[in-house]
Amino acid sequence: MKLLLFSITIILLTLTGCSNKLPLAKTQLSIKSNKKELISQANMGNIKAMIELNKKFVFPETKEGFDYYNKWYPLVLQSKNSSDIMDFAEVFYEYKDMFISGKEKYVALLEAAANEKFKKPLFKLLQIYLYDYDHKKIKDTQSKILLNASKEDLTKIYDLYLNMNKEKDVKKIETIIVQKGYSIPVTKKFLRFKNFRNLKKEEVSKILNDILASNEYEKIVTTANILKIRREYEKSKLFFKKAITLKNDDADTYVEYADLYDKMASQHRVLSGKDEKYKDYQEEIISNLKEAIKYGQSEAYGKLLKVYSKEKYFKNDYELLIEKLSKTTQGNRILANSSSGSFFTPDDNIKDYYTKAAMNGDEESIVHLATRVPYTYQPDLKRDEDTKKWQEYILNSNNPALQKRFKKVLFSYKYKNSKSLENVKVAITNIDLKNDNIFTLRRLYRDLKNSNPTKAIEYLQKAVNFGDVSSTYELIKVYRQKNTKEDILFAIKTLEELAIKGDRTAAIKTALHYDLTSKNKTKAVKYYEIASSLGDRSSTETLARIFMCESCKSTKELIDYKKAKFYAQRLVDEGIVKYNFNLGWLYTTGNGVKKDVKKAIYYFTQSYNLANEETAAYNIGLIYKDGDGEVKKDLTLAKSWLKKANTKEANKVLQEMKENNE
């Protein structure tokens, strides 16, 4: 360990000549100690510790982290802290394809986090249920959101429905918004929704004037930005001015306003050149960026530097701003990122800015310095040597989070064919393999599957052995594509194993294979039942049909009315109203249940009223026509229900009753 620290110190002294502030790598001992303590806390249900292990040690990308996250998931669901559960859910979402039934587990986390006082998860759940067409859950979730809904809640649900083109729901929320005394939110989607292009100019002007007169800051700023996107710059300027009179301390608005003037300046320069009006635009840009900086918008510094760097008459301002920024780590990074292409900043200065920020531990700057490629036409051996030293620093840093950030850049498309970075790519990959990094195994498979398929499968199989579900699906795909009987059997066996472990998608795929391909209905039912138990509604519907379909030759031997009742009842409870008919039929015949004609009428009535099922009305008509058990004959009710049915069969019965004077 002493050797490691010594080597890094030498690297940094070489980079800067001398420095008292070195971004020294943590020792392996301190890393292990910190990690051990966090794991200990997480084992006791500390969700913040679990999230910290993701930030510092890239859990669950490694096998160790993956195993722990599987262990901790039930602990998270037991927590009473909605905010912590939501934070964990957001981390889990990135990795959900690693886990058995990962999507369903993510949904369960959102459901555990949601309550009347903490509605953030409800909006994500509503979006998921809308995609899944889960009508009962859509209705329940919408009700929870609208219960004591704030203006912000209404705006969020309004935007969600707009973005998903749910016009009926949009109108419903608009009504609620107006009833509560609020005005309709303005969004980009709203303006498209209103189809401005088909409106007359007077109508558009009225809408915009109403927004301007509303004195609602958020609405006015949103409209200003929409008009800017539509290149209606003068109108946009009017809205920005009004917004600032209403609220003069919003840094982001000043940045957007500066961007408007930048677009106006660019347009003017093309049409008229760099005249006095162009300079006026430049001054407006600078003025607004300075206001943004005044109110805490640090990114505005970079934009201001860009403005200064474009024109020589801003040289003095440029140098003063550089002097100010060069005194802080963040400032040096801003300088480095913003100085490229400047009239005034040599490349060596830019490197120095990055180096100063990196020396103070700025990870973005460290990664930048470590991913510089050699100049093609003017070799710079000192620069290339510095790049390698920063690469060594990252490799020896014992900092998985920094290494992950480095890999994101290193393996990006930009550096895909960069030969100068091949050695460091190999080195960081070897570190990952030593740490059993599942994501690296996935990447190696993708990179090698065409050039070296045998080695690629070796990496993929290792990820599968670690329990990675995504890799397991990829392996199944590989063996199915080989298209030999032996390979296909292996693929199906692997899929079955995944289903038995509780993966819903695997259960569905296995059921469909046996149902549609192998024509083995008994095995198909087995996996449909697993999928249904894991919450798959489509599988539940299939089972409800199979277990009571007397006319289905291929599944007739599988008829089981008790199971048919069980699955039909589950569907009705989940809001799938058409299965009321199935329950009505079962109670009429007494198949799988004790015969109960009153219950049959109840379920047939639900089927007719909720699902407009005409046959249900017909069946009720027949029951009243002849009477059955506790339900006495009632010709008036019989005729009423047969008329509601209005089918060929119902009309035939009505005609017979008429002929028999009934």
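Every value quoted in this text rests on a predicted model; they were computed, and no experiment measured them.

Structural notes on the packing of aromatic side chains
Scanning the model with the defined rule gives 27 aromatic pairs in all. Geometrically, the ring pair formed by Phe 59 and Tyr 68 is stacked, given 6.2 Å between the ring centres and 10 degrees between the ring planes. On the basis of an interplanar angle of 55 degrees and a centroid distance of 5.5 Å, the ring pair of Tyr 95 and Phe 439 is categorised as tilted. Here Tyr 95, found in helix 5 (residues 82-95), pairs with Phe 439, found in helix 25 (residues 438-448); they are 344 residues apart in sequence, far enough to count as distant. These aromatic residues form a ring-pair network of at least three members: Phe 59, Phe 66, Tyr 68, Tyr 69, Trp 72, Tyr 73, Phe 88, Phe 92 and Phe 99. A cation sits over an aromatic face here: Arg 443 above Phe 411, 3.7 Å from the ring centre.

Considering the side chain of Gln 297
Structurally, the position occupied by Gln 297 is in the loop between helix 16 (276-294) and helix 17 (299-310). Given the relative accessible area of 14%, Gln 297 is considered buried. A distance of 2.9 Å separates polar atoms of two side chains, one belonging to Gln 297 and the other to Asp 252.

A look at the nonpolar core
Ranked by size, the top nonpolar core spans 66 residues in total, and within it Phe 239, Leu 305, Trp 390 and Phe 406 carry the most contacts. Ranked by the residues each element gives to this core, the list is headed by helix 15 (residues 251-272), at nine residues.

A few points about the environment of Lys 434
Looking at the secondary structure, you find Lys 434 in helix 24 (residues 422-434). For the pair Lys 434 and Ile 157, spaced 277 residues apart in the sequence, the C-alpha separation amounts to 47 Å.

Some remarks on the side chain of Ser 82
Following the sequence through the fold, Ser 82 ends up in helix 5. By relative accessible area, which is 12% here, Ser 82 ends up buried. If we skip the residues at most four places from it in the chain, Ser 82 touches Ala 113, Asn 115 and Phe 118.

A look at unusual backbone geometry
At the junction of Phe 59 and Pro 60, the peptide bond is cis and its omega measures out at 5 degrees in the coordinates. One can find Pro 60 in the loop between helix 3 (47-57) and helix 4 (63-78). Even without being a glycine, Lys 519 presents a positive backbone phi close to 55 degrees. Of note, Lys 519 is situated in the loop between helix 29 (504-517) and helix 30 (521-533).

Conventions adopted
Residues numbered from 1 in each chain as written. Predicted model: local features only at pLDDT ≥ 70, side-chain atom pairs only at ≥ 80, totals over all residues. Heavy atoms only, no water. Phe/Tyr/Trp six-rings, centres within 6.5 Å; stacked < 30°, edge-to-face > 60°. Helix = DSSP H or I, 4+ residues; strand = E, 2+ residues; numbered from the N terminus. Lys NZ or Arg CZ within 6 Å of the ring centre and 35° of its normal. Buried < 20%, exposed > 50% of the residue type's maximum accessible area, 1.4 Å probe, protein only. Polar contact = N/O pair within 3.5 Å; in protein donor to acceptor, adjacent residues only side chain to side chain. Core = buried A, V, L, I, M, F, W, Y, C linked by side-chain atoms within 4.5 Å. Contact = heavy atoms within 4.5 Å.

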